[in-house]
Amino acid sequence: MKNEEQSNGFLVERWVKKIIDRAKITDEEKIEIGEVIDKRIREKPYKVAIIGQGGVGKTSTIQSVFGVKPSNNNKIKSVEEGTPDVEEKIYDIRDGFRISISDMPGLKNDITKDEKIYIPLYKKILPECNLIIYVIDAHAKELGIDIKILRDTVIPICREAEITKNIIIAINKIDTIGQSFPEYKTNKEYHWDRIENKPTPTLAILIKERINQIYDKLIDSGIYNYIDARQTPAYSAVWAFNMQGILDAILQSVDGWVFAGTVAEDVIAKWSEKKEN
């Protein structure tokens, strides 16, 4: 059931209404401003591309960040004929606002296929996106492939389209970092604290060390020459931990206000519910 505020439109619409109600402009101008906002948030879906290797948690990230789940009611279409593994899913969120999510495969699995099919798809899809989320597994031992894809493909495409602010390098699965150590089998300090939904003191230290290692790799590769450190949040999608870092990264994007002013309040409420459960 929608609450009273939701029935009055999205947060951004309520903000704008309060502002223009106090402004010294004509009723016609107020209507025109309202129509511009309405068109901006409802005419086209908010487009997201999510990229990453298999098993990094793309699905759980989508569900946690945007509050959407698989459903038979979602509109699904192949992004390009002959590429059934690249699909665009369009979610009807509420009040006419839609989110389009293109699940992009990780590159460098098949060099011939990458160069002939997937890299051209990246060049076609990424410039059209409001948000580009590249998911990295914080627990992974090797990040060379991810660094190469970001440095050689994603960053150059976004630089050319002048949308590097739309990139988020999402460092997921920080809750599993303790599994890399032999002590994990016998020492609960290397496990995620499921009751408090946070890392134990020992795991928190290990997470900080691992994240700093990843940051160093991003620095050495030159990726931080083109994006802000706030665009690389570390989080756990499964536990909805540090989702605020994801929201802050979204706000850095060119159209971050669209997400923040529409569905963000609903999603944040779901994060809180997940933490309480």
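Before any of the text, the structure's been laid out above.
This section reports on the structure supplied with the text. For clarity, every value in this text was computed on a predicted model and none was experimentally measured.

A short note on the overall build of the chain
At step 1: Helix and strand counts for the chain stand at 10 helices and eight strands.
At step 2: Considering the chain as a whole, with its 277 residues, one finds that 48% of them fall into the buried category.
At step 3: Of the contacts made within the chain by residues no fewer than 6 positions apart, 68% connect residues no fewer than 24 positions apart.
At step 4: Counting only carbon and sulfur atoms, one obtains 50% of the accessible surface of the chain, whose full area is about 15,100 Å².

Observations regarding the pairing of strand β6 (residues 167-172)
On any regular strand, side chains alternate: one points to one face of the sheet, the next to the other face.
At step 1: Burial analysis of β6 places six of its six residues in the buried class, which makes it a mostly covered element.
At step 2: Judged by which residues are buried, β6 turns out to be covered on both faces: I167, I169 and I171 on one side and I168, A170 and N172 on the other are all buried.
At step 3: Note: strand β5 (residues 131-137) against β6, six bridges, orientation parallel. Its bridge partner lying in β6, I132 is registered against I167.

As for the pattern of salt bridges
Any two side chains of opposite charge can pair, so long as their charged atoms come close to each other.
At step 1: Scanning the entire structure with this criterion turns up seven salt bridges.
At step 2: For E88, the salt bridge is made with K47, and the minimal N-O distance between the two is 3.4 Å. Taken together, the positions of E88 in strand β3 (residues 87-94) and K47 in strand β1 (residues 46-52) put the pair 41 residues apart, joining distant regions of the chain.
At step 3: On the basis of relative accessible area, E88 is assigned to the buried category, the value being 9%.
At step 4: In this structure, the salt-bridge partner of D228 is R230, at a minimum N-O distance of 3.1 Å.

What counts and how
- Residues numbered from 1 in each chain as written.
- Predicted model: local features only at pLDDT ≥ 70, side-chain atom pairs only at ≥ 80, totals over all residues.
- Heavy atoms only, no water.
- Helix = DSSP H or I, 4+ residues; strand = E, 2+ residues; numbered from the N terminus.
- Buried < 20%, exposed > 50% of the residue type's maximum accessible area, 1.4 Å probe, protein only.
- Contact = heavy atoms within 4.5 Å.
- Areas by Shrake-Rupley, 256 points an atom, 1.4 Å probe, with all protein chains shown as cover.
- Pairing = 2+ DSSP bridges.
- Salt bridge = Lys/Arg side-chain N within 4 Å of Asp/Glu carboxyl O.

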